[in-house]
Amino acid sequence: MATASAAFAAFTFPSLCLAAEIDGAALSTLWALPFAGVLLSIAVLPLLAPSLWHHHFGKIAAFWALAFLLPFGVAQGAHAALAVSVHALLAEYLPFIILLTALFTVAGGICVRGNLRGTPGLNTAILALGTVLASVMGTTGAAMLLIRPLIRANDDRRHVAHIVVFFIFLVANAGGSLTPLGDPPLFLGFLKGVDFFWTARHVLLPMLFLCAALLAIFYLLDRHYYLNREEIRALDPTPDAPLSFEGGVNFILLAVAVALVLMSGIWKPGTAFEVMGAPQDWQNLARDLGLVAVILASLKLTPRSAREGNDFGWGPMLEVAKLFAAIFLTIAPVIAMLRAGEQGAFAAVVRAVTGPDGRPDDAMYFWMTGALSSFLDNAPTYLVFFNTASGDAAELMGPLASTLAAISAGAVFMGANSYIGNAPNMMVKAIAEERGIRMPSFFGYMAWSCGILVPLFVVMTFIFFK
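The structure reproduced in this document is the subject of the present report. (Residues numbered from 1 in each chain as written. Predicted model: local features only at pLDDT ≥ 70, side-chain atom pairs only at ≥ 80, totals over all residues. Heavy atoms only, no water.)

## Describing helix α12 (residues 315-339)
Thinking step 1. If you check α12, its first and last C-alpha atoms are 35 Å apart, about what 25 residues at 1.5 Å a residue would give, namely 36 Å.
Thinking step 2. Note on α12: the residue one or two positions beyond its end, G341, has a positive phi of about 60°. (Helix = DSSP H or I, 4+ residues; strand = E, 2+ residues; numbered from the N terminus. Expected span 1.5 Å × (residues − 1).)

As structure tokens, then:
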């Protein structure tokens, strides 16, 4: 609604059709408080006040958005506030949320029936399959497709929490590091001009190293538990049965979604029109309209029993949509201040990731992007450091390619360091707990990530980002 209203205003009042650039050098750090408020609310309130957050997260997100827009409108004028809103919502937020909705809807329509025995070999194979699928159908899509079959396969075992933890490491995070479809940060980079296959070429080796190490560690750990004489329960709640898929039409629709995103990165017919300086390119319009058609087709063609088998609901998607609307609005002044470089209020951040020779320090970009992605959602964190490094996709894919690879890897890989680093983490945890699995606490999970992931990240720093 906000996007439609802003677009209507722009067309109705032609005098508003020039975008208002935010002068980052003239802003104080106070303008970053609403953005920090959104991210801290996401990180803290679900833990400290879960009932408040569950019932009012949309209002909380709206509060922080208005906490930026209203003072900004007073200080810079209504035109500037409207221009910022149009650019954030129309040019960035809408394509982002349409793709996520398409992947969420399509994956939610594929139901895996049947059951297999959860041996170490099978579990490792499922994790490897999910890792591959994550870059094709997104971390959310792959996680939602495979977590329930994985839990069913192991519901006769006493130790299952470690399986879900490694599932979060691999399928909900590291596996999505190769394409813009895989993880939201990379799609934001794609919207900023990063080529579709660029990340696959430059992050493939770090991804293979991390995922191979995690799969090997998982197999040894799972085998240790499996060989325990008391590991297998006497009664299997879901006896073995052949696997089958319901809602298979969604595999075709998934292929269509991938083709649409690829098309928008290859076909460049130019700009159709502008709304307050925000260009609306033909290829992006065609992609977004096509993805909306994919969503509608999936809802129409998927059997109801398939979605019921997946316990499909719109709650997670609505939460993401509301929260990211606030994030995309409140991040605007932060990006402007970062782009101001040494003249901006975040000059200290710029200096911290810049070496003595004035060039970006790839190791610092990897760790700073990763550290913030561990506790603040990795998509806005990626945007922050994308703009800190340069903000120019052509430069980042060329002379600064190693820096963009470090930012991409930090955002995607280290989103696994805590439950709140990436949206699928919490979704997987919730599903596991619904099935009676006693998952580690917030800090218990971090003990796993600090003990397993962080040492691997240290090794990766010396191999790939020194």
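## A short note on the packing of aromatic side chains
Thinking step 1. In the structure shown here, the tally under the stated rule is 28 aromatic pairs.
Thinking step 2. Aromatic side chains F166 and F218 sit 5.4 Å apart centroid to centroid with 55° between the ring planes, which places their arrangement in the tilted category. Residue F166 is found in helix α6 (residues 161-170), and its partner F218 is found in helix α8 (residues 198-226); the two are separated by 52 residues along the sequence.
Thinking step 3. The interplanar angle of 85° and the centroid separation of 6.1 Å between the aromatic rings of Y365 and F385 together place this pair among those described as edge-to-face. One end of the pair, Y365, is in helix α14 (residues 362-375); the other, F385, is in helix α15 (residues 378-389), with 20 residues separating them in the sequence. (Phe/Tyr/Trp six-rings, centres within 6.5 Å; stacked < 30°, edge-to-face > 60°.)

## Description of the side chain of N387
Thinking step 1. Mapped onto the fold, N387 is located in helix α15.
Thinking step 2. Its relative accessible area of 1% is what places N387 among the buried residues.
Thinking step 3. Excluding residues within four positions of it along the chain, N387 makes contact with I335 and R339. (Buried < 20%, exposed > 50% of the residue type's maximum accessible area, 1.4 Å probe, protein only. Contact = heavy atoms within 4.5 Å.)

## Let's talk about α15
Since one α-helical turn is 3.6 residues long, residues separated by three or four positions face the same way.
Thinking step 1. An ideal rise of 1.5 Å per residue puts 16 Å on 12 residues; α15 measures up with 16 Å between its terminal C-alpha atoms.
Thinking step 2. Where burial is concerned, most of α15 is hidden: 12 out of the 12 residues are buried.
Thinking step 3. Burial in α15 covers these residues: N378, A379, P380, T381, Y382, L383, V384, F385, F386, N387, T388 and A389.

## Section: a nonpolar patch on the surface
Thinking step 1. Nonpolar side chains collect at one region of the surface, where V292, L296, L299, W314 and L318 lie side by side and expose about 430 Å² of accessible area between them.
Thinking step 2. In terms of residue count, helix α10 (residues 282-301) provides more of the nonpolar patch than any other element does, three residues in total.
Thinking step 3. On the secondary structure map, W314 appears in the loop between α11 (304-309) and α12. (Patch = residues over 30% accessible without salt bridge, like charges linked within 9 Å, V, L, I, M, F, W, Y side chains within 5 Å. Areas by Shrake-Rupley, 256 points an atom, 1.4 Å probe, with all protein chains shown as cover. Salt bridge = Lys/Arg side-chain N within 4 Å of Asp/Glu carboxyl O.)

## Observations concerning the packing of helix α4 (residues 78-108) against α10
Thinking step 1. As a packed pair, α4 and α10 sit with axes 9 Å apart at the nearest point and diverge in direction by 25°. As far as their axial angle goes, α10 and α4 are roughly parallel. At the point where α4 passes α10, the crossing takes the left-handed sense. For the pair formed by α4 and α10, the contact residues are P95, I98, L99, T101, A102, T105 and V106 on the first element and R287, D288, L291, V292, V294, I295, S298 and L299 on the second.
Thinking step 2. For the contact of α4 with α10, the residue count by class is 10 nonpolar, three polar and two charged. (Axes fitted to C-alpha atoms, helices over the stretch in contact; angles between N-to-C directions. Parallel < 35°, antiparallel > 145°, perpendicular 65-115°, else oblique. Left-handed = near helix turned anticlockwise from the far one by under 90°. Nonpolar A, V, L, I, M, F, W, Y, C, P; charged D, E, K, R; others polar.)

## Brief notes about the side chain of S374
Thinking step 1. Relative to the assigned elements, S374 resides in helix α14.
Thinking step 2. With relative accessibility at 2%, the residue S374 sits in the buried group.
Thinking step 3. One polar contact links the side chain of S374 to the main-chain carbonyl oxygen of G370, over a distance of 2.8 Å.
Thinking step 4. There is a polar contact of 2.9 Å between the side chain of S374 and the side chain of N417. (Polar contact = N/O pair within 3.5 Å; in protein donor to acceptor, adjacent residues only side chain to side chain.)

## Digging into the nonpolar core
Thinking step 1. With 145 residues, the main nonpolar core has I97, L127, F167, F169, L210, L214 and F413 as its most contacted residues.
Thinking step 2. Counting five residues, the second largest nonpolar core, distinct from the first, contains A83, L90, V275 and M276. (Core = buried A, V, L, I, M, F, W, Y, C linked by side-chain atoms within 4.5 Å.)

## Examining the packing of α6 against helix α18 (residues 423-434)
Thinking step 1. With their axes 10 Å apart at the nearest point, α6 and α18 run at an angle of 160° to one another. If you check the angle between α6 and α18, you find them roughly antiparallel. Helix-helix and strand crossings are classified by hand; for α6 and α18 the assignment is right-handed. On α18, the residues touching V164, F167 and I168 of α6 are N425, V428 and A432.
Thinking step 2. When the residues that make up the contact of α6 with α18 are grouped by side-chain class, the tally is five nonpolar, one polar and no charged.

## Section: the pattern of salt bridges
Thinking step 1. This model, assessed by the stated rule, comprises five salt bridges.
Thinking step 2. R117 is the salt-bridge partner of D156, the closest N and O atoms lying 3.2 Å from each other. Here the residue D156 occupies a position in the loop between α5 (120-153) and α6, and R117 occupies one in the loop between β1 (111-115) and α5, the gap between them amounting to 39 residues.
Thinking step 3. Take R117: its relative accessible area is 40%, and that puts it in the partly exposed class.
Thinking step 4. The salt bridge involving D222 is made with R157; its shortest N-O contact spans 2.8 Å. With D222 in helix α8 and R157 in the loop between α5 and α6, this pair connects stretches of sequence that are 65 residues apart. This pair shows no difference in class: D222 is buried, exactly as R157 is.

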